[in-house]
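Understanding the architecture of this molecule
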Amino acid sequence: MKTAFDQPQRQSSTGILVLFFDTAYDYLRALLPVFVLWVFKFNELNKIYFVLGVIAFLALFGMIAYLKYRNFTFYLDADKDEFIINEGIWNKTRTTIQLSKIQQVNITQSLIQRAIGVYALVVDTAASNDKEGKIKAISHELALQLKSKLLDNEKAVKSNILDDNAKEIPLQENHPFIKISFLSLIKMGMTSNYVKSFSLLLLFFFTILDYAEKIMGDNFWDDKNLPNFEASEFVIQSIFIVILFLFGVVILINLVRIVIKYFEYKITRQQGSLLLSFGLLDRKSTIIKPEKVQITSISQNFFQKKMDVLQLKIKQATQNEKEEQKAAIEIPGCNRKEKDAILNLLFQKIPQKGIMLKPNFRKLVFAVFLTIILPLIGFYVVKNFNPTLGKEYHYGVLIYVIFVGVVQYFKFKNNRLFIHDDFIIKQSGAWDVSNEIIEPSKIQAITTSQLFWHKNLNIGSITLHTAGGSIAFQLGNFNMIKQYTNLWLYELEQSDSNWM
Amino acid sequence: MENFTNETIDTTQLPKFEEVVFSKLQPAYWKIILIQIAILFVLISIGYGVITTNAEELAPFQLQIGLCILGFLGLVLLFSRIGYNKKGFAFRQHDVLFRYGVIATNTLIIPYNRIQHVALHEGILSRFFGLAKIEIFTAGGHASDIEIPGIEKQQAENIKQLLMGKIQKEL
């Protein structure tokens, strides 16, 4: 069966279900606070009203989904070479995409779509992000036909530029060359975001201390109040259990978040660029064009190293600040082989670490001053004016000093700049050690900086600005920095290398 | 690593950005800074006067607060002067250099083939003194843009023409 797509047509009728779940998901997310409140008041609620309410909501979602389905049509205007999508219940939207502007047509499938047996078709254009078309439910056969129709036209326009072997590629269903396994995602979920979790925990700990003090009065920490050894042991034990429990909860939430966000991460090669698609409920797809890549960052912590997973983050050139968040693309849970394959595609070779620059020990001193000594001074000044603060805060101060001290030490130890002919790599981080890779040809501007009392010590800083963000290295050997600045400038000015 | 020695010879013979002689800003620009500071402190003094006449609790600290404001004024003047003295610019054959900073000396260098566009900006005060500001934008975001203030209008116009010519040639 050949379909011409020249008449406006609806999505697959089973697609109503997809629309239903989509609508329900959107509304539930918006109404989440209300639902949380309901859950807490569950016992006070009239059960009959509750059930009726749920049924009413489901009916409403069904209605909306049906109307969305009825009002969604798409067709190809052969005369004007345009692909047109009409949608909207009250506010009608008409999206017109010129076929010559279409860069990419992706066919994806989320979990719900898989259960129902339909596919989503997403049309990517070169221009902005919002002007793209998405059909949420379409049969596989139709999707393939539509895709070839949409791309067929592009070839007619571009065929003069593209060589023959590039022509055939869009019609094939590409096989992903990297697939992030479920196991890797689980490993990633269990090992990432520890710092965030830990700071949350610290916050929670201090809030509890504060709370306990308020309940028990000022003499909570007086020794007199803790004569019963068993009781105090019980308190310590329960605090310990609470902390463990919290840690578990944080890890679990993180795990669920990562699995939902990056479920079935697939990377496909397409005409020299990388096509990524991922997501459990809402499948997203993005393209990475190697020539647009500015900063590639690889991060890994101790546990992840043991389990051979790492996280890649790729920053592409951006037009404006708003796009910046979207432009950073994350690939979680690659192993070393997959990382090398991706890097090979991006750079045509594996980045090497060249000469190493170390920061001066003053960097550590300054960091300790900023994050430990200053806060401590502030704390004791406040304490002086406010003698009611109990001595339990000494424990807090001790924990803080040890924790921050260790973090700063490892940050200093890991802070390195590697300079190779073709790559500049900045290594940083205390627990999650990240390597940011840029190519010298992507540099837009260079800032060197030196404090006046560092002149005789011959140390200084450098910032390399690229179209995807900056890389800064502080308090390194300034002679080396100046020498390489001159070299990079020379290379940039020698040739009109393409940075985008 | 093998060809590193080869490179060191190269790099020492490269033109050195650190040996470039920088042009200073016009002295009239210092007057503009002084006027701006004066306006700021007139406003602060008015606010201070209004508060101390209305809030009785502050009356005993009147002198201290006044001294604080004076000290602040002194610091602002000092830092502005250092900042003014340090600002400088240079145009080489292939790139533009801008030096700035107060306690640090920062040098920002943009090769001409990375410039996106050039703009000329005149404030009210600047126009009164016949000065202009040149703004040079790259694709590297706000941190890598150069703003050279306190250049004579005609000279700024010339610089802009020069840069435009360079950009066009690079394209």
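Going by the structure above, here's the rest.
Structure report, in brief. What you see is a predicted model; the values in this text were computed from it and never measured.

What follows deals with the overall build of chain A. When its secondary structure is counted, chain A shows 15 helices and 20 strands. Here chain A, with 500 residues, has 40% of them falling under the buried criterion. Within chain A, counting contacts between residues at least 6 apart in sequence, those at least 24 apart form 57% of the total. Element-wise, carbon and sulfur atoms account for 61% of the exposed surface of chain A, whose accessible area totals about 28,400 Å².

It is worth spelling out the sheet that holds strand 16 (residues 424-428) of chain A at this point. Residues and elements named next belong to chain A. Overall, antiparallel pairing links the seven strands, which are arranged 13-12-11-17-16-15-14 in an open sheet. For this open sheet the edge positions go to strand 13 (328-334) and strand 14 (355-357), each flanked by a neighbour on one side alone. Within this sheet the neighbouring strands show an average axis-to-axis angle of 20°, counted without direction. Examined bridge by bridge, strand 15 (residues 416-419) and strand 16 share four bridges and lie antiparallel to one another. When the sheet's bridge partners are listed, Leu417 is paired in strand 16 with Lys426. Most of the contacts of helix 7 (residues 182-191) go to strand 13, to which it runs at about 105°, and overall it touches strand 12 (310-316) and strand 13.

Turning to the layout of surface pockets, a few remarks are in order. Residues and elements named next belong to chain A. Within this model, the second largest pocket holds a volume of roughly 1,000 Å³. Surrounding the second largest pocket, 34 residues form its lining, Gln300, Asn301, Trp431, Asp432 and Val433 being those nearest its centre. Those elements that place two or more of their residues in the lining of the second largest pocket are helix 8 (194-216), strand 11 (293-300), helix 10 (302-307), helix 12 (336-347), helix 14 (393-414), strand 16 and strand 17 (433-438). Considering each element in turn, the lining of the second largest pocket owes the most residues, seven residues, to helix 14. Among the residues making up the lining of the second largest pocket, the classes are represented as 19 nonpolar, six polar and nine charged.

Now for the packing of helix 1 (residues 15-30) of chain A against helix 3 (residues 47-71) of chain A. Residues and elements named next belong to chain A. As a packed pair, helix 1 and helix 3 sit with axes 8 Å apart at the nearest point and diverge in direction by 125°. Relative to helix 3, helix 1 is oriented oblique. Remark: the crossing between helix 1 and helix 3 carries right-handed chirality. Along the contact surface, helix 1 presents Ile16, Leu19, Phe20, Thr23, Ala24 and Tyr27, while helix 3 presents Leu58, Phe61, Gly62, Ile64, Ala65, Tyr66, Lys68 and Tyr69. Class assignment for the residues of the contact of helix 1 with helix 3 results in eleven nonpolar, two polar and one charged.

Moving on, we get to the environment of Ile267 of chain A. All names here are of chain A. The topology assignment puts Ile267 in strand 8 (residues 266-270). Take Ile267: its relative accessible area is 0%, and that puts it in the buried class. Separated by 87 residues in the primary sequence, Ile267 and Ile180 have C-alpha atoms spaced 8.5 Å apart. If we ignore the near neighbours within four places in the chain, the residues touching Ile267 are Pro176, Phe177, Ile178, Leu274, Leu275, Leu276, Ile331 and Ile342.

The subject of this paragraph is the interface of chain B and chain A. Note: interface size is frequently given as the accessible area lost on complex formation between the parts. With 33 residues of chain B at the contact, the number on the chain A side is 33 residues. Linking chain B with chain A are zero salt bridges. Remark: the boundary between chain B and chain A carries ten residue pairs in polar contact (both at pLDDT 80 or more). Going through the elements one at a time, helix 1 (4-13), strand 3 (95-100) and strand 4 (104-111) of chain B are the ones with two or more residues in the side of chain B that touches chain A. For the side of chain B that touches chain A, the element with the highest residue contribution is strand 4 of chain B, accounting for eight residues. Relative to strand 4 of chain B, strand 18 (residues 443-451) of chain A runs antiparallel, the two being bridged by six bridges. Looking at the pairing, Ile446 of chain A lines up with Ile109 of chain B of strand 4 of chain B.

Rules and cut-offs
Residues numbered from 1 in each chain as written. Chains lettered and ligands numbered in written order. Predicted model: local features only at pLDDT ≥ 70, side-chain atom pairs only at ≥ 80, totals over all residues. Heavy atoms only, no water. Helix = DSSP H or I, 4+ residues; strand = E, 2+ residues; numbered from the N terminus. Buried < 20%, exposed > 50% of the residue type's maximum accessible area, 1.4 Å probe, protein only. Contact = heavy atoms within 4.5 Å. Areas by Shrake-Rupley, 256 points an atom, 1.4 Å probe, with all protein chains shown as cover. Pairing = 2+ DSSP bridges. Axes fitted to C-alpha atoms, helices over the stretch in contact; angles between N-to-C directions. 1 Å grid on protein atoms, 1.4 Å probe; cavity = no way out; pocket = protein on both sides within 12 Å on 5 of 7 lines; lining within 4 Å. Points joined across faces, edges and corners; volume = space filled by probe spheres on them. Nonpolar A, V, L, I, M, F, W, Y, C, P; charged D, E, K, R; others polar. Parallel < 35°, antiparallel > 145°, perpendicular 65-115°, else oblique. Left-handed = near helix turned anticlockwise from the far one by under 90°. Salt bridge = Lys/Arg side-chain N within 4 Å of Asp/Glu carboxyl O. Polar contact = N/O pair within 3.5 Å; in protein donor to acceptor, adjacent residues only side chain to side chain.

Don't take any of this as a statement about function, it's just geometry.
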